[in-house]
Amino acid sequence: MSKSILLKALLVFALLNILMCPVLFVLGAFAPQALGFLSPVLCPPGMHLDSKTRSQSDLRGDVVAVNTICTDGDQEVDATGRMLVILFGLPILGVILLVVWALL
């Protein structure tokens, strides 16, 4: 494979990574079931992605938190950190690939 074709493929991959970030963020926060294809990456075996909403009242009023979790119906494992790694890791990887492409 020539260097030019490889660089163009990396550029397309980088741009897709950058464009996917807002979509993954919205889906992860409001419809984690739509990210079922990421369950094998984010969740332990036998679990699937879901969301959990918690409300807490304090002096400022009601605060609502939405967490991305992995669940099998009985057990819950927080997957918010892993999801954030993917959300921020893909665009960072995309930017790195764009910089490398620009320098070559």
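No experiment lies behind these values; they were computed from the predicted model shown.

### Re the overall build of the protein chain
Point 1. The number of helices and strands found in the protein chain is three helices and three strands.
Point 2. On C-alpha atoms alone, the protein chain measures out to a radius of gyration of 18 Å, which is more than a quarter above the 13 Å that the 2.2 N^0.38 rule sets for 104 residues.
Point 3. Taken over the C-alpha atoms alone, the protein chain extends approximately 55 × 35 × 15 Å along its principal axes.
Point 4. Here the protein chain, with 104 residues, has 26% of them falling under the buried criterion.
Point 5. By element, 70% of the accessible surface of the protein chain is carried by carbon and sulfur atoms, the whole surface being about 7,100 Å².

### Considerations on the nonpolar core
Point 1. Core analysis: the largest hydrophobic core is formed by 12 residues, namely Leu24, Leu35, Leu38, Leu42, Cys43, Met47, Leu49, Cys70, Ala79, Met83, Ile86 and Leu87.
Point 2. Broken down by element, the residue count for this core peaks at three residues, all from helix α3 (residues 80-103).
Point 3. When sequence neighbours within four positions are dropped, the list of residues in contact with cysteine 43 reads His48, Leu49, Cys70 and Arg82.

The rules behind these values
Residues numbered from 1 in each chain as written. Predicted model: local features only at pLDDT ≥ 70, side-chain atom pairs only at ≥ 80, totals over all residues. Heavy atoms only, no water. Helix = DSSP H or I, 4+ residues; strand = E, 2+ residues; numbered from the N terminus. Rg over C-alpha atoms; globule rule 2.2 N^0.38 Å. Buried < 20%, exposed > 50% of the residue type's maximum accessible area, 1.4 Å probe, protein only. Areas by Shrake-Rupley, 256 points an atom, 1.4 Å probe, with all protein chains shown as cover. Core = buried A, V, L, I, M, F, W, Y, C linked by side-chain atoms within 4.5 Å. Contact = heavy atoms within 4.5 Å.

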